Amino acid sequence: MRRRGKSAVLYPGSFDPVTLGHEDIARRTLKVADRVIVAVAESSSGGRAPAFPLGDRLEMLREVFAGEAAIECVSFGGLLVDFARARDVRAVVRGLRAVSDFEYEFQMAQMNRELHPDLEFIFLTPDARLSFLSASLVREVARLGGDVSPFVSPSVLRRLEQRFRAGTGQ
Ligand code: ADP
């Protein structure tokens, strides 16, 4: 059925780990879509090794969105446009925190349009209190022993504590 595909929006990212900023964007998307498919990328965009393996990043996403039937969490490899075609999804959502996000997001959206002209990109802004938050900043603060409890869900906090337990972080 066409209707199903139309109302689903893909939310791709590395989610290394998922933060309250990501959660905010996924839930906001449900105001304009029936379903959100949170899609964690196997490879990170910078080519750097992620702090958490793919399986852990997916598990954390599933934990934070457990009980939210309209939010599905999956992983994908390869091109986003190919994954969108395979899932019959017509729109992708991305979060825009500040002007600094804009240039990269604009380039990606234009390139993806070349690859898949029918795929639309939707940009949402988070709650202002989350607009400074990035997964990399959360990782950095956690690695140095700072309190990141205001920025991530409790299950993610536990994983960060295990990952960067004093003295073993790198
Ligand atoms: P990050 O930049 O945090 O490492 P990802 O690559 O996982 O994140 O990002 C996936 C998407 O989520 C991107 O569109 C990114 O701009 C968005 N995003 C990340 N953090 C936030 C936030 N605090 N508020 C709004 N959008 C965000």
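Reading the values: the criteria
Residues numbered from 1 in each chain as written. Predicted model: local features only at pLDDT ≥ 70, side-chain atom pairs only at ≥ 80, totals over all residues. Heavy atoms only, no water. Helix = DSSP H or I, 4+ residues; strand = E, 2+ residues; numbered from the N terminus. Rg over C-alpha atoms; globule rule 2.2 N^0.38 Å. Buried < 20%, exposed > 50% of the residue type's maximum accessible area, 1.4 Å probe, protein only. Contact = heavy atoms within 4.5 Å. Areas by Shrake-Rupley, 256 points an atom, 1.4 Å probe, with all protein chains shown as cover. Lys, Arg positive; Asp, Glu negative; His and termini not counted. Charge placed at Lys NZ, Arg CZ, Asp CG, Glu CD. Pairing = 2+ DSSP bridges. Axes fitted to C-alpha atoms, helices over the stretch in contact; angles between N-to-C directions. Core = buried A, V, L, I, M, F, W, Y, C linked by side-chain atoms within 4.5 Å. Near = heavy atom within 4 Å. Polar contact = N/O pair within 3.5 Å; in protein donor to acceptor, adjacent residues only side chain to side chain. Nonpolar A, V, L, I, M, F, W, Y, C, P; charged D, E, K, R; others polar.

1. Examining the overall build of the chain
No. 1: Regarding its fold elements, the chain presents seven helices and five strands.
No. 2: Overall, the chain shows an N-to-C arrangement of helices and strands of α-β-α-β-α-β-α-β-α-β-α-α.
No. 3: Taking 170 residues into account, the globule formula puts the C-alpha radius of gyration at 15 Å, and the chain, at 16 Å, falls close to it.
No. 4: Summarising its shape, the C-alpha atoms of the chain cover approximately 50 × 35 × 30 Å along the three principal directions.
No. 5: The buried share among the 170 residues of the chain stands at 45%.
No. 6: For the chain, the proportion of contacts with a sequence separation of at least 24, taken over those separated by at least 6, is 75%.
No. 7: Carbon and sulfur atoms make up 54% of the accessible area of the chain, which totals about 9,400 Å².
No. 8: Seen as two clouds, the 24 positive and the 22 negative side-chain charges of the chain have centres 3 Å apart.

2. Some points on the sheet that holds strand E4 (residues 91-95)
No. 1: Strand order in the open sheet formed by five strands is E3-E2-E1-E4-E5, with parallel pairing between adjacent strands. In the strand order of this sheet, the two ends are held by strand E3 (71-76) and strand E5 (120-124), each with one partner. For this sheet, the mean inter-axis angle between neighbouring strands, taken without regard to orientation, is 30°.
No. 2: Bridge analysis of strand E2 (residues 35-41) against E3 gives six bridges, and the strand direction is parallel. Residue pairing for E3: Val 38 is matched across the bridge by Cys 73.
No. 3: Packed on one face of the sheet, helix H2 (residues 20-29) meets strand E1 (8-13), E2, E3, E4 and E5 and runs near 170° to E1.

3. Considerations on the nonpolar core
No. 1: Grouped together as the largest cluster of nonpolar side chains are 32 residues, with contacts concentrated most on Tyr 11, Val 38, Leu 61, Phe 65 and Leu 160.
No. 2: When residues in this core are grouped by element, the largest group, four residues, is from helix H3 (residues 54-64).
No. 3: Discounting residues that sit within four places of it in the chain, Tyr 11 has contacts with His 22, Ile 25, Ala 26, Val 36, Ile 37, Val 38, Ala 39, Val 93, Arg 94 and Gly 95.

4. Points about the site of the ligand
No. 1: Residues in contact with the ligand amount to 18 residues; listed here are only the nearest, Tyr 11, Phe 15, Gly 95, Leu 130 and Ala 135.
No. 2: Within the side chain of His 22, a nitrogen or oxygen atom sits 3.2 Å from an oxygen atom of the ligand.
No. 3: At 2.9 Å from a nitrogen atom of the ligand is found a main-chain nitrogen or oxygen belonging to Leu 133.
No. 4: Its free accessible area being 530 Å², the ligand has 90% of it covered by the protein chains.
No. 5: Put simply, the parts of the chain that give the shell around the ligand at least two residues each are E1, H2, E4 and helix H5 (99-115).
No. 6: Taken together, the residues that form the shell around the ligand break down as eight nonpolar, six polar and four charged.

5. Observations concerning unusual backbone geometry
Most peptide bonds are trans, and most residues other than glycine sit at a negative phi.
No. 1: Following Asp 16, the chain continues into Pro 17 via a peptide bond in cis, with omega recorded as 5°.
No. 2: Position of Pro 17 relative to the elements: it lies in the loop between E1 and H2.
No. 3: The phi dihedral of Phe 15 falls on the positive side, at around 45°, and the residue is not glycine.
No. 4: Along the polypeptide, Phe 15 turns up in the loop between E1 and H2.
No. 5: The exposure class assigned to Phe 15 is buried, which follows from its relative accessible area of 2%.
No. 6: Backbone geometry at Asp 88 places phi at a positive 55°, although glycine is not the residue there.
No. 7: With respect to the helices, strands and loops of the structure, Asp 88 is situated in the loop between helix H4 (80-86) and E4.

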